[in-house]
Amino acid sequence: MIEPSHLASGAAALINAPDHVRIRAIRSDRWVGFGRARRVLQYLDALCDHPPSTRPPGLAIYGHSGMGKTMLVEKFRRDHPPVVDRNTGSEAVPVLAITLTSRPTERRIYGQLLMALGASVNERATLMDLEIRTMLLLKNCNVRVLVFDEVHNLLAGNPREQRVILQLLRYLSNELKASLVCLGVMDARDAIAGDTQLSRRLDQIVLPRWKVDEEFHELVSAVLRSLPIKQPSALSSQGLRHLARMSDGVTARVFAILNELAIEAIRAGTERIADEDIESWKPALEKETVFA
């Protein structure tokens, strides 16, 4: 039996599983904790614990696509799941999240919020009917944090449409006395800046691309510990620099490269990732082109 002291508990539990089971686990979504992510989650947790307020604090998280914004929100939601009161049978939903569509409107947002609460949507309902029903359900569910992903999609509308949606977000926060969390690429800053009152109540966290430093080393180490391969993997400073360059400093690409190398290590029987594996790695499409 392999003694997987180099692995996190979830990966260690799989170390003696058949190869196909380990490969499937590597390809599956999984949470990997590292310093930057833990700090953001601590901030989000504090919002969830904040008492109702006429001017609730909020947060805007900006970063390039693939930097892990949505991953953080999914983890936040899992940490604060809906809770049913056994005495009354009512359900509390501390965190409610939706993704703004390519050109959001008031009707669409109310409809998305209703669907996120598991309620049906009457397409023939007036805007006022949708508003009244949505607000009633949100209050009954005691929503403490409203999360809006892909906020940069606001920019697809004209200035008037953008102002209407920003005012709606502020209205929801004020009426529910709940915190707002807005996520998007760097352009989302311009979208939110369209409402001064809203932008002032949102603290900002930027997720920059990774560079080769202690934080990046911590990220890579955490990912390696999450991969159920039998031998410890150790990358030198040169290997880390090469990985940062190939991934362009994007979190999702770091995961994808290391996942692919781990699968190759299982299939080849080497069961580890070394500097030479990083240096010889090529994207799958490039490999197919060479093969063709």
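Scroll up to find the structure.
These notes cover the structure that comes with them. Nothing here was measured: the structure is a model prediction, and the numbers come from that model.

**Topic: the layout of surface pockets**
Next up, step 1: Taken as a whole, the largest pocket spans an internal volume of roughly 670 Å³.
Next up, step 2: Taken together, 28 residues make up the lining of the largest pocket; nearest its centre are Asp29, Arg30, Met71, Ala252 and Phe255.
Next up, step 3: For the lining of the largest pocket, the secondary structure elements donating two or more residues are α2 (19-27), α4 (69-79) and α12 (251-268).
Next up, step 4: The biggest single contributor to the lining of the largest pocket is α12, with eight residues.
Next up, step 5: When grouped by side-chain class, the residues that make up the lining of the largest pocket number eight nonpolar, nine polar and eleven charged.
Next up, step 6: Empty space within the second largest pocket amounts to approximately 200 Å³.
Next up, step 7: Lining the second largest pocket we find 14 residues, and of these Ala8, Ala11, Arg30, Trp31 and Ser226 sit closest to its centre.

**Looking at the environment of Cys48**
Next up, step 1: Following the sequence through the fold, Cys48 ends up in helix α3 (residues 35-49).
Next up, step 2: Look at Cys48 and you get buried, because its relative accessible area is 10%.
Next up, step 3: Apart from the residues within four sequence positions on either side, Cys48 is in contact with Phe76, His80, Pro94, Val95, Arg144 and Val145.

**As for α2**
Next up, step 1: Within α2 the residues assigned to the buried category are Arg22, Ile23 and Ile26. Down the axis of α2, the buried side of the element spans an arc of 100 degrees, and every buried residue falls inside it. Summarising the geometry of α2, the exposed residues directed more than 90 degrees from the buried face are His20, Arg24 and Arg27.
Next up, step 2: Among the structural elements, α12 are those in contact with the buried residues of α2.

**What to know about the packing of aromatic side chains**
Next up, step 1: Here the structure, examined in full by the defined rule, presents two aromatic pairs.
Next up, step 2: When the ring of Phe34 is compared with that of Trp210, the centres are 5.8 Å apart and the planes differ by 65 degrees; the resulting orientation is edge-to-face. In this pair, Phe34 sits in the loop between α2 and α3 while Trp210 sits in the loop between β7 (202-207) and α10 (214-225), placing the two residues 176 residues apart along the sequence. Of the two residues, Phe34 and Trp210, neither departs from the other in class, the shared state being buried.

**Describing the sheet that holds strand β4 (residues 95-99)**
Next up, step 1: Spatially, β4-β5-β6-β1-β7 is the arrangement adopted by the five strands of the open sheet, whose pairing is parallel. Each edge of the open sheet is held by one strand with a lone partner, namely β4 and β7. Across the sheet, the mean angle separating the axes of adjacent strands is 15 degrees when strand polarity is ignored.
Next up, step 2: Contacts between helix α5 (residues 106-116) and the sheet are confined to β4 and β5 (145-149), with β4 contributing the most and set at about 130 degrees to the helix.
Next up, step 3: The strands touched by helix α7 (residues 159-176) are β5 and β6 (179-184); relative to β5, the strand with the most contacts, the crossing angle is about 165 degrees.

Criteria and thresholds
- Residues numbered from 1 in each chain as written.
- Predicted model: local features only at pLDDT ≥ 70, side-chain atom pairs only at ≥ 80, totals over all residues.
- Heavy atoms only, no water.
- 1 Å grid on protein atoms, 1.4 Å probe; cavity = no way out; pocket = protein on both sides within 12 Å on 5 of 7 lines; lining within 4 Å.
- Points joined across faces, edges and corners; volume = space filled by probe spheres on them.
- Helix = DSSP H or I, 4+ residues; strand = E, 2+ residues; numbered from the N terminus.
- Nonpolar A, V, L, I, M, F, W, Y, C, P; charged D, E, K, R; others polar.
- Buried < 20%, exposed > 50% of the residue type's maximum accessible area, 1.4 Å probe, protein only.
- Contact = heavy atoms within 4.5 Å.
- Arc of directions from axis to C-beta.
- Phe/Tyr/Trp six-rings, centres within 6.5 Å; stacked < 30°, edge-to-face > 60°.
- Pairing = 2+ DSSP bridges.
- Axes fitted to C-alpha atoms, helices over the stretch in contact; angles between N-to-C directions.

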